[in-house]
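Residue-level listing of the chains:
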Amino acid sequence: MRQFLKLLPLLGVLFAACSAPSPVDEIVASNLAARGGKERIQAVHSIRQTAAATASGGRVARLVREIKRPGLFRLEFTSQGTKSVFAHDGETGWQVAPLQGQFEPQVTTPENDAAAGADQRDVEGPLVDWREKGHVVELLGRETLPGGEAFKLQVTLEDGAIRFDYVDVESHLIVRSDVTRIMEGRPVLLEATFSDFREEGGLVFPYLIETHVMDRPEVIRIVVEHIELNPDLDDARFRLPR
Amino acid sequence: MKLGIVIIALAAIPVSADDVYLRGGGQITGEIIARTEDSVTVDIGGGSMTAKMSSVVRIDEGISPLQEYRARAEAIPAGDAEAWRELAKWATGRALSSQASKAYSQVVTILSDDQEANRALGRVQLDGKWVTEEESFLSRGFVEFEGHWMTPGERQAILADRRARKNADRQANEAKIQAIEAEQKAEREREAVEHEQTRPNNSVHWGWGAGPRYWPVPSEPLPTNPADTETGVWQ
């Protein structure tokens, strides 16, 4: 009995360590709070973002991106007198893309489907309830980015894809996200930086998204102009037309 | 007086502009230049494209932004940089890359150091001079490889990776070397044709979910090689 009593403080410390949130949980919780809170995030069932995109060589495009639970996605890409649609109904990805010579809706290849990223179809983002979704989140450390210090999280998605999210230590918002995509038969690291954060409906969103391949100079710049929360979106918009 | 100008301007706009709606939400907007029972060809301002009527849901007639651009451009007096700038912004807002570039080029022709127009054309300042983006990439040590700008190290790594894979294939199955080489030769020939027909810088690495893999640069013509010749053709 005396031996047991001696061990009590140690057991207490162990219990506290086990029950205290892990650094990963703390960082994720701080991120969700900075975005407006988990409750508000989960109250969003659909979203529509209207944006303008620019790329090197004077390329301009208009974008309308719609995401709806569960895992429905549609991007309308308007450029030079053409409108292309890239969509996913939760099971099948498809596209009609006149600029790519596709005038009929076509099912996307598994490679293109994977390259688009299942995480991009998650309206609340993969960090919300990541355990229940089958993802694994690990803290890799802190890194200094141009805008300041950030926690680097490795998010291994349920489908095996890996993304690295950088959570700013001050704002607690994700300011950069890196993903490896297989493109043209080989892996490339795509880096997306997020800035110009603004509030819409009590939630915080980046209004400037800049993407480029790691160590390459060409940048695609997406300026979000308008965000609608919970617009009424018919599921048929996401389904492959028959 | 203003109303009179507007009426004159509208009267100058051709009325054969159309929106061609495709199944699934795709759309082609411009000026129809040919239409048969089987197909429709639309001038989209950076080239033309032909869709089979079987892919077309409906055609709405109206005045397209492209035609409005052309009418407005014709009405701009010589040397009026601000009018070209306004038209360039208007074209940008309608995602008419080619027309925005043409209008901004007019601004630069009149005001060579204009910051907004030079930037919109993708130019950057280097040692106090406006240069093309390509020139700036070269000056920073990047090299162009298969349509993308990258470091010489990355290019070397890609080539080394390909050589390694080729050698691995060779060692793994000597008996199939001839077949593989024949296949590689055919692949190279295919790539050469595709490279010729698909301009550098036109392929993109989209990073905002599903999105385009091809986005033409306005200064270049549309490719002549459609990704899917079954359903439509470029011209």
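Residues numbered from 1 in each chain as written. Chains lettered and ligands numbered in written order. Predicted model: local features only at pLDDT ≥ 70, side-chain atom pairs only at ≥ 80, totals over all residues.

K.L.:
Would you take a moment to explain the overall build of chain A for this structure?
P.N.:
Of the regular secondary structure elements, chain A holds four helices and 13 strands. Viewed in the frame of its principal axes, chain A has a C-alpha envelope of about 85 × 40 × 40 Å. The long-range fraction of contacts in chain A, counting pairs at least 24 apart against all pairs at least 6 apart in sequence, stands at 40%. (Helix = DSSP H or I, 4+ residues; strand = E, 2+ residues; numbered from the N terminus. Contact = placed C-beta atoms within 7 Å.)

K.L.:
Explain the overall build of chain B here, please?
P.N.:
A count of helical and extended segments in chain B gives eight helices and 10 strands. Counting all 235 residues of chain B, 33% fall into the buried class. Excluding contacts between residues fewer than 6 apart, the proportion of contacts in chain B whose partners are at least 24 apart in sequence is 42%. (Buried ≥ 20, exposed ≤ 12 C-beta atoms within 10 Å, placed from the backbone.)

K.L.:
Sorry if this is basic, but what is going on with the interface of chain A and chain B here?
P.N.:
Interface size, as often reported, equals the accessible area lost upon joining of the parts. The interface is formed by 53 residues belonging to chain A together with 61 residues belonging to chain B. Within the residue set of the side of chain A that touches chain B, elements represented by two or more residues are strand E2 (59-68), strand E3 (72-79), strand E4 (82-88), strand E5 (93-96), strand E11 (186-200), strand E12 (203-213) and strand E13 (220-229) of chain A. Judged from the two bridges that link them, E4 of chain A and strand E2 (residues 27-35) of chain B form a sheet pairing that is antiparallel. Bridging across to E2 of chain B, lysine 83 of chain A finds its partner in glutamine 27 of chain B. (Pairing = 2+ DSSP bridges.)

K.L.:
How should the confidence of the model for chain B be read in this particular structure?
P.N.:
It should be kept in mind that the predicted coordinates are not to be read in detail where pLDDT is low. Residues and elements named next belong to chain B. In this model, chain B carries an average pLDDT of 81, and 79% of its residues clear a pLDDT of 70 or more. Averaged pLDDT values over the elements of chain B bottom out at 37 in helix H1 (residues 2-11) and peak at 97 in helix H3 (residues 81-93). In this model, residues 195-200 is a region of pLDDT below 50 whose contacts with residues beyond four sequence positions or in other chains number 10 contacts. (pLDDT = per-residue confidence, 0-100.)

K.L.:
Would you mind going over the environment of phenylalanine 145 of chain B with me for this structure?
P.N.:
All names here are of chain B. Within the element layout of this structure, phenylalanine 145 appears in strand E8 (residues 143-145). Classification of phenylalanine 145 as partly exposed rests on a count of 16 C-beta atoms within 10 Å. With 13 residues separating them along the chain, phenylalanine 145 and isoleucine 158 place their C-alpha atoms 9.9 Å apart. When sequence neighbours within four positions are dropped, the list of residues in contact with phenylalanine 145 reads Met150 and Arg155.

K.L.:
What is the right way to look at helix H2 (residues 23-35) of chain A in this model?
P.N.:
Because an α-helix completes one turn every 3.6 residues, residues spaced three or four positions apart along the sequence face the same direction. All names here are of chain A. Between its terminal C-alpha atoms H2 stretches 18 Å, which fits the 18 Å expected from 13 residues at 1.5 Å a residue. Along H2, the residues classified as buried are Ile27, Val28, Asn31, Leu32 and Arg35. Projected down its long axis, H2 shows its buried positions confined to an angular sector of 135°, all on one face. Seen from the open side of H2, the exposed residues pointing more than 90 degrees away from its buried face are Pro23 and Ala33. The positive-phi residue at the C-terminal boundary of H2 is glycine 36, with phi of around 130°. (Expected span 1.5 Å × (residues − 1). Arc of directions from axis to C-beta.)

K.L.:
Can you walk me through the pairing of E2 of chain A in this structure?
P.N.:
In summary, the side chains of a regular strand alternate between the two faces of the sheet. Residues and elements named next belong to chain A. Counted residue by residue, E2 has eight buried out of 10 residues, so it is predominantly covered. In this structure, strand E1 (residues 46-55) lies alongside E2, joined through 10 bridges in antiparallel fashion. What sits directly across from threonine 50, in E2, is valine 64. The hairpin formed by E1 and E2 contains three residues between the paired strands, and glycine 57 there has a positive phi angle of roughly 80°. As judged from the seven bridges shared by E2 and E3, these two strands associate in the antiparallel manner. For leucine 63, the partnering residue across the bridge sits in E3 and is phenylalanine 77. The antiparallel pairing of E2 with E3 creates a hairpin that spans three residues between the two strands, and glycine 71 there sits at a positive phi of about 75°.

K.L.:
Got a minute to help me understand the environment of aspartate 235 of chain A in this structure?
P.N.:
Residue position: aspartate 235 of chain A is located in the segment after E13. Sequence separation between aspartate 235 of chain A and glutamate 138 of chain A is 97 residues; the distance between their C-alpha atoms is 35 Å.

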